Amino acid sequence: MDKKEVTAQITCPCCSSFLRDPRLLPCLHSLCLECVTRCSRGVLPSAPNSATSSSLTCPVCQFQAAIPQGGFPVDLWKRHLLDLAPLVAEGGTHKQPGTTTTTTTTTTAAPPPECVECGSHDVPWWCPTCGVFLCNDDKAHHSRARKTASHNVVTVDQIRTQTSVTPAAPKPALCSKHPHEELRLYCNTDKSLICRDCTLIDHKNHDFVFSSDLSSKFKENIASLCSKLSLRLEKLSLSKHTAIGCCKNADELSENVEAEIRTEFAKIVAVVNAKEAQLLSELKTITETSKKIFQEHIEGCDNKMKDAQEAQEYAQQATTRFTDLQLVAVNDTLTSRVKKLCDSGAQNDSLAPNELKVRFECDSTAVCGTISSSLGRLVHNSTSGSLVPKAATRELNQLGSMVTSTTPRQAQKLFVDNTTGKVYWGSDYYTSQLTEFESMTSFINNTNPRQFTVKDVPNHPGGTYQAVHNGHVYCTPANAATMTKVRVSDGSTVATAPLPNAGHSGESPWTWNGYTDICWYVDAGGVLYVVHAPPNNGNIHITRVDPDSLTILQTWTVPRIKMKTGFAFVVCGRFYFGKAYDSGEIDGVFDTTTGVYDGTYRNTLPTFGKYVRLTSWIPSTNQLIVVDAPDSSGADSEFRVFLIENVAL
């Protein structure tokens, strides 16, 4: 064995020292007995008759292990490997158990080797065959003895320079109660190793056998279990690699989508910036034009004021300084000028140009709301709770096993709220009244029902396939293509939205002329789908809808005529389509993740398969509800509700 492997196996994960009295936990990790005592919650049961119960958490895998009466069993394999501790120990730091103090040692807490014969610590020799240390004197005796003369005794330094070491044959395991007796027997009654003396007292009249006789049987059983474990490892490995690929693809996809977002928003920002520049340019033009008009008016006023002031000064000078002859000579000219200045445009002297009035009109709240709602959205296949990749839960197995069948009753509508576990049942196809049960068990036993009426829906909710999610019923009124969200607590409608180009009123039904062709489904993670088709034998359309606002997020067209489909259900983003209502055969599947339809897929519902009225998957319990009848008559009184377990792998 490689020395590093040996060191790892004999090192306690709790105290980082070599194991001392190793004990095997149910999770197959080993701790020192002292560490088991220290890590346990409560008092360690040290005797078989101890009534104290306690537990500990494995420091390696966090497994919660209950400490059995008498404590955990001794790990014989690790105890055997501990004989090699002095040969693989290296210098370094050693953490003292139960403290944070570290001390430097020449070995990693390896016990000092002793000569097997005299107990001396001066032991330069090692016998790989016997697995013992020898001093110089006993090495010579060991080499001369007839039984051990053929053993290849080597120096301890020679072993320490090698990269690997071979464990010697295991020493006899001795009984803790009878130290001179080997543990050769296994008690089937107490599930423990015992010695010959134990069979006479503590295990008298118990069922025990020689451990050597059980070994081959145990090996076969372990090999069989390991084969099953290998299959799970393969699935986990595939799931892991799928998740790794999903992570890588997520990063690549995120980068691509981020680039698309930035490109599109750059275009939008460019348009907004262009509009801003246009408005600013218009404002500048308006301002400059107005200022030019004001400036021309100012200049006109200045010229007129200058002429009037000059005439006024001349008139004052004429009346005060001119002689009579001079005044008479200019009188006509002066009065004519003054009159002209007083009369010409005098009525406009007090008129000023209109003050510039300009404002920016924009309802920013409304505009931002409109822009925000139309600036695109991210459409993705989100899930809640578990982050297991869809690829790991995509295929159906043999549709599990049929575990529950209710007594015959009318069941036109039946769906489960995945968030609360409550069951909703409608006995009449045309009714607005539903009955609420706290659980599937309550429905099966018909205990504590609560009836309520779906309000504010014209006529009644049409169709068998409705859905409930997070305390709301999703349905479609009869004779309409209107998506409707109804609150379960009071039956009131809280949201509606149109479903464009959806056939209804028997225009393009399933294989029978039902009232509506609009069917609702809730998938894992609360993903809400509506299945519909255009009128006149149109292909199936699958539309993903926002559960809060009923906004349409994405629509896929399936190359399959809805008229030729009897039933359908969705599991982890994959829609499985039934051939006809009077057959349990599934003959097609559509993957919303890839957008690919597989018409070669085949599976069968393990129910009557004579009159499949409704199918619906419950993600929280991984069960498929099937409402079915024992014959093709489909009599309401004969319908049974089946629960098929373990639907998704």
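Residues numbered from 1 in each chain as written. Predicted model: local features only at pLDDT ≥ 70, side-chain atom pairs only at ≥ 80, totals over all residues. Heavy atoms only, no water.

### Some remarks on helix α1 (residues 3-10)
Alright, step 1. Three or more residues of α1 are buried, namely K3, V6 and I10. Along the long axis of α1, the arc covered by the buried residues comes to 60°, so they all point the same way. Exposed positions of α1 whose direction lies more than 90 degrees from the buried face are K4 and A8.
Alright, step 2. Packed against the buried residues of α1 are α3 (76-81), α4 (85-88) and α6 (156-161). (Buried < 20%, exposed > 50% of the residue type's maximum accessible area, 1.4 Å probe, protein only. Helix = DSSP H or I, 4+ residues; strand = E, 2+ residues; numbered from the N terminus. Arc of directions from axis to C-beta. Contact = heavy atoms within 4.5 Å.)

### A look at the sheet that holds strand β8 (residues 132-134)
Alright, step 1. If you trace the three strands from one edge of the open sheet to the other, you get β8-β7-β9, paired in antiparallel fashion. Edge strands, defined here as strands with exactly one partner in the open sheet, are β8 and β9 (154-155).
Alright, step 2. Along the sheet, helix α5 (residues 136-144) contacts β7 (125-127) and β8; its crossing angle with β8, the most-contacted strand, is approximately 115°. (Pairing = 2+ DSSP bridges. Axes fitted to C-alpha atoms, helices over the stretch in contact; angles between N-to-C directions.)

### Observations concerning the confidence of the model for the protein chain
Alright, step 1. Chain-level statistics for the protein chain give a pLDDT mean of 78 and a share of 78% at 70 or above.
Alright, step 2. Here residues 382-398 is modelled with pLDDT under 50, and outside its nearest four sequence neighbours on either side it reaches 42 contacts, counting other chains as well.
Alright, step 3. Taken together, the stretch residues 507-515 has pLDDT below 50 and engages in 43 contacts with residues farther than four places along the chain or on a different chain. (pLDDT = per-residue confidence, 0-100.)

### Quick notes on the sheet that holds strand β12 (residues 208-210)
Alright, step 1. Spatial strand order, β11-β10-β12: three strands in an open sheet with antiparallel pairing. With partners counted over all chains shown, the strands left at the sheet margins are β11 (192-194) and β12, one partner each. Going across the sheet, the axis of each strand differs from the next one's by a mean of 35°, ignoring polarity.
Alright, step 2. Across three bridges, the pairing between strand β10 (residues 185-187) and β12 is antiparallel. Bridge pairing in β12 links Y186 to V209.
Alright, step 3. Lying over the sheet, helix α7 (residues 211-320) contacts β10, β11 and β12, oriented at roughly 85° with respect to β12.

### Describing the pairing of strand β4 (residues 64-67)
Alright, step 1. Burial along β4 is one-sided: the residues A65 and I67 are buried and none of Q64 and A66 is.
Alright, step 2. Sheet analysis places strand β3 (residues 54-57) next to β4, joined by four bridges and oriented antiparallel. What sits directly across from L56, in β4, is A65.
Alright, step 3. The antiparallel hairpin formed by β3 and β4 contains six residues in its connecting segment, where Q62 sits at a positive phi of about 65°.

### Here we look at the packing of aromatic side chains
Remark: the centre distance and the inter-plane angle together describe each pair of aromatic rings, the angle taken between the planes.
Alright, step 1. Taken as a whole and assessed by the stated rule, the structure comprises 14 aromatic pairs.
Alright, step 2. Plain terms: the ring middles of Y529 and F575 are 5.1 Å apart, the flat faces sit at 80° to each other, and that makes the pair edge-to-face. Here F575 lies in strand β27 (residues 574-578) and Y529 lies in strand β23 (residues 528-532), a separation of 46 residues in the sequence.
Alright, step 3. We classify F575 as buried; its relative accessible area is 0%.
Alright, step 4. An aromatic cluster of three or more residues is present, and its members are Y465, Y521, Y529, W556, F575 and F577.
Alright, step 5. The ring of W125 is capped by K139, whose NZ or CZ atom sits 4.5 Å from the centre of that ring. (Phe/Tyr/Trp six-rings, centres within 6.5 Å; stacked < 30°, edge-to-face > 60°. Lys NZ or Arg CZ within 6 Å of the ring centre and 35° of its normal.)

### Focus: the nonpolar core
Alright, step 1. Formed by 33 residues in total, the largest nonpolar core has its most connected members in I10, C12, L87 and W126.
Alright, step 2. Those elements that place two or more of their residues in this core are α1, β2 (30-32), α2 (33-39), β4, α4 and α6.
Alright, step 3. Ranked by the residues each element gives to this core, the list is headed by α4, at three residues.
Alright, step 4. Excluding residues that lie within four positions of it along the chain, C12 makes contacts with S17, L19, L31, C32 and C35.
Alright, step 5. Residues V531, I542, Y601 and W617 belong to the second largest nonpolar core, which totals 30 residues. (Core = buried A, V, L, I, M, F, W, Y, C linked by side-chain atoms within 4.5 Å.)

### So, the pattern of salt bridges
Alright, step 1. Scanning the entire structure with this criterion turns up 17 salt bridges.
Alright, step 2. One salt bridge in this structure joins K78 and D75, with 4.0 Å as the shortest N-O distance.
Alright, step 3. On the basis of relative accessible area, K78 is assigned to the buried category, the value being 11%.
Alright, step 4. Looking at D75, the relative accessible area reads 7%, which means it is buried.
Alright, step 5. If you follow the salt bridges from partner to partner, you end up with K422, E436, E438 and R450 in one network. (Salt bridge = Lys/Arg side-chain N within 4 Å of Asp/Glu carboxyl O.)

### Some details on the state of the cysteines
Alright, step 1. For the coordinates displayed, the defined rule picks out zero disulfides.
Alright, step 2. Here C58 is not cross-linked by a disulfide; its sulfur's nearest cysteine counterpart is in C27, at 3.6 Å.
Alright, step 3. Not part of a disulfide, C195 finds its nearest cysteine sulfur in C198, a span of 3.5 Å.
Alright, step 4. For C195, a relative accessible area of 0% puts it in the buried group. (Disulfide = S-S within 2.5 Å.)

### Remarks on a nonpolar patch on the surface
Alright, step 1. Together, L280, L283, I286, L356 and V358 make up an exposed nonpolar region whose accessible area comes to about 400 Å².
Alright, step 2. Position of L280 among the secondary structure elements: in helix α7. (Patch = residues over 30% accessible without salt bridge, like charges linked within 9 Å, V, L, I, M, F, W, Y side chains within 5 Å. Areas by Shrake-Rupley, 256 points an atom, 1.4 Å probe, with all protein chains shown as cover.)

### What about helix α8 (residues 324-343)?
Alright, step 1. Here α8 is 20 residues long and its end C-alpha atoms lie 27 Å apart, about the 28 Å a rise of 1.5 Å per residue gives.
Alright, step 2. In α8, a bend of some 50° at N331 exceeds every other bend along the element. (Expected span 1.5 Å × (residues − 1). Bend = angle between axes of the 7 residues up to and from the residue.)

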